[in-house]
Amino acid sequence: MDSISSCSSVSAIKSRTFGAPDSKALTLNLRNGVAAFSNSKVGSSRVPPMGTSGNTQPKIVTGEAGYVLEDVPHLIDYIPDLPTHPNPLQDNPAYSVVKQYFVNDDDTVAQKIVVHKSSPRGTHFRRAGPRQKVFFESDEVHACIVTCGGLCPGLNTVIREIVCGLYHMYGVTRVLGIDGGYRGFYSRNTISLTPKFVNDIHKRGGTILGTSRGGHDTSKIVDSIQDRGINQVYIIGGDGTQRGASVIFEEIKRRGLKVAVAGIPKTIDNDIPVIDKSFGFDTAVEEAQRAINAAHVEAESIENGVGVVKLMGRYSGFIAMYATLASRDVDCCLIPESPFYLEGPGGLFEYVEKRLKENGHMVIVIAEGAGQELLCESMRSIHQQDASGNKLLQDVGLWISQKIKDHFSRNPTYMIRAVPSNASDNVYCTLLAQSAVHGAMAGYTGFTVGPVNGRHSYIPFYRIIERQNNVVITDRMWARLLSSTNQPSFLSPKDIVEEKKEEAPQPLLLNGVSSKDNELLEKATSNTCGNVL
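Residues numbered from 1 in each chain as written. Predicted model: local features only at pLDDT ≥ 70, side-chain atom pairs only at ≥ 80, totals over all residues. Heavy atoms only, no water.

Enquirer: Go over the environment of V61 with me, naming the residues and quoting the values.
Expert: Examined against the element boundaries, V61 turns out to sit in strand 4 (residues 59-62). Residue class for V61 comes out buried when judged on its relative accessible area of 1%. Spatially, the C-alpha atom of V61 lies 9.6 Å from that of H124, the residues being 63 residues apart in sequence. (Helix = DSSP H or I, 4+ residues; strand = E, 2+ residues; numbered from the N terminus. Buried < 20%, exposed > 50% of the residue type's maximum accessible area, 1.4 Å probe, protein only.)

Enquirer: Summarise the nonpolar core; cite the residues concerned and give the values.
Expert: In this structure, I145, I162, Y234, I264 and F279 are the most contacted members of the largest nonpolar core, which totals 102 residues. At nine residues, the largest contribution of residues to this core is made by helix 1 (residues 155-170). Among all residues touching I145, those that are not within four sequence positions of it are I159, I162, V163, V175, L176, G177, I178, L193, L209, Y234 and I236. The next biggest cluster of nonpolar side chains, apart from the first, holds eleven residues, and it includes M362, I364, A370 and F490. (Core = buried A, V, L, I, M, F, W, Y, C linked by side-chain atoms within 4.5 Å. Contact = heavy atoms within 4.5 Å.)

Enquirer: Describe the packing of aromatic side chains, and please don't skip the residues or the numbers.
Expert: For the coordinates displayed, the defined rule picks out five aromatic pairs. A centroid spacing of 5.7 Å and a plane angle of 70 degrees characterise the contact between Y101 and F102, whose relative ring orientation is edge-to-face. In this structure, K258 packs its charged tip against the face of F136, placed 4.7 Å from the ring centre. One cation-aromatic arrangement involves K277 over Y428; the distance from NZ or CZ to the ring centre is 5.8 Å. (Phe/Tyr/Trp six-rings, centres within 6.5 Å; stacked < 30°, edge-to-face > 60°. Lys NZ or Arg CZ within 6 Å of the ring centre and 35° of its normal.)

Enquirer: Can you tell me about the environment of K59, naming the residues and giving the values?
Expert: Note on placement: K59 falls in strand 4. Between the C-alpha atoms of K59 and V72, which are 13 residues apart in sequence, the distance is 6.6 Å. In this structure the side chain of K59 is engaged in a polar contact, spanning 3.2 Å, whose partner is the side chain of D77. (Polar contact = N/O pair within 3.5 Å; in protein donor to acceptor, adjacent residues only side chain to side chain.)

Shown next, in the form of structure tokens:
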């Protein structure tokens, strides 16, 4: 294998040569503060299927004391010798008072900040922000924005700030809105977005671009991007949307197009891993208070009144947990991560009876994904028979009365989705949007932006889509909730032991690197040829 040369100001960072799957040389270089892969063979004709992270090798940079940087792709990884240009922010009056215009190329953000004195430095991500050099000139940028999946507070704010950030910070005037989610790339009209057009949209709920689920056809989407001359794609959506963005990035890379793909993670359930929280979550918790307050007033007004508030949370109970902690009027919170049972000692019915005797009323908050196994058991009972072999009939009167109530009442689950974002989320959406714009202009691609321990970072797609973020019921936050509501945990000692086993810390290896980080390094450096500079 040919020798490798590397030049960088990054201290104590190694450059390695890896064996690529096609047996060609895959080199990790450090150029202008960008860890860049170069490969003489660009991709393959096979488009990765939906739900996978594709063929891109993780960009892992290691340093002293167990330092690991999980870097994001860059345009020069597959289009070498791209020209750079001075960042126009240096002449922007808004930035004239800033002591340091640009983020240092060596700045990274640690994923874990609570460590022991002997702990390795651990995993880091590239810090978000403006760079001194950009890879796009203002007049060549043709950007587009698409929103996918369900509604979420803050969508319009993110759209507004991407448009205004591109225009006011970088002088970009051509921005398209893709109507109706992914399928809008090839089956809908586009909307021309200007600062004037988006000026007041943050005051509205929903998304001005419309949204949809599905409709992901990689070839058609990238054909549309190529035909329209788009070179920056901003994709706003949850984990499924980010999987789609990862596949789009892979196809763009395979075709060798100078197109930056940036993801802005959106999920009202707060179930995206790595980042501190997703936008819209604070608004959702605040809006949930209205439903809880109403339920408490009604339950308190009648004898043995029980108010039940169903909140969003298909697989993760963050909204229910934080809304309960914020409310102080909730007597019981049920989430998908914490199994519960109805009958018997320590069951829900016993606890409800106890609270009603004590207070005369109670409020239950339940995430929509909680107790699904109990619901399934109830549904299976429909097919049971009596002693004579006759099918046991369900109470149709109870069923129709509940259906009528559901039809004529507003469901808090969907009320929360459609409201405009609050002040906290508006600020957060601004930071997300501007960080995404800075990253795309600097030539980064195939990344999602989000805060890690309070610092905005560029995170590879594969880290965002590898798993879901869930409430850890052996964590202190869940313990705080239990102490606040005084509800039982509904867990047996055996359940607690099993949960703690799953959350056990990763053992440290002899070199001071955790087994998880070591697995990551081994995956990235498989077939290592041994040339270490």
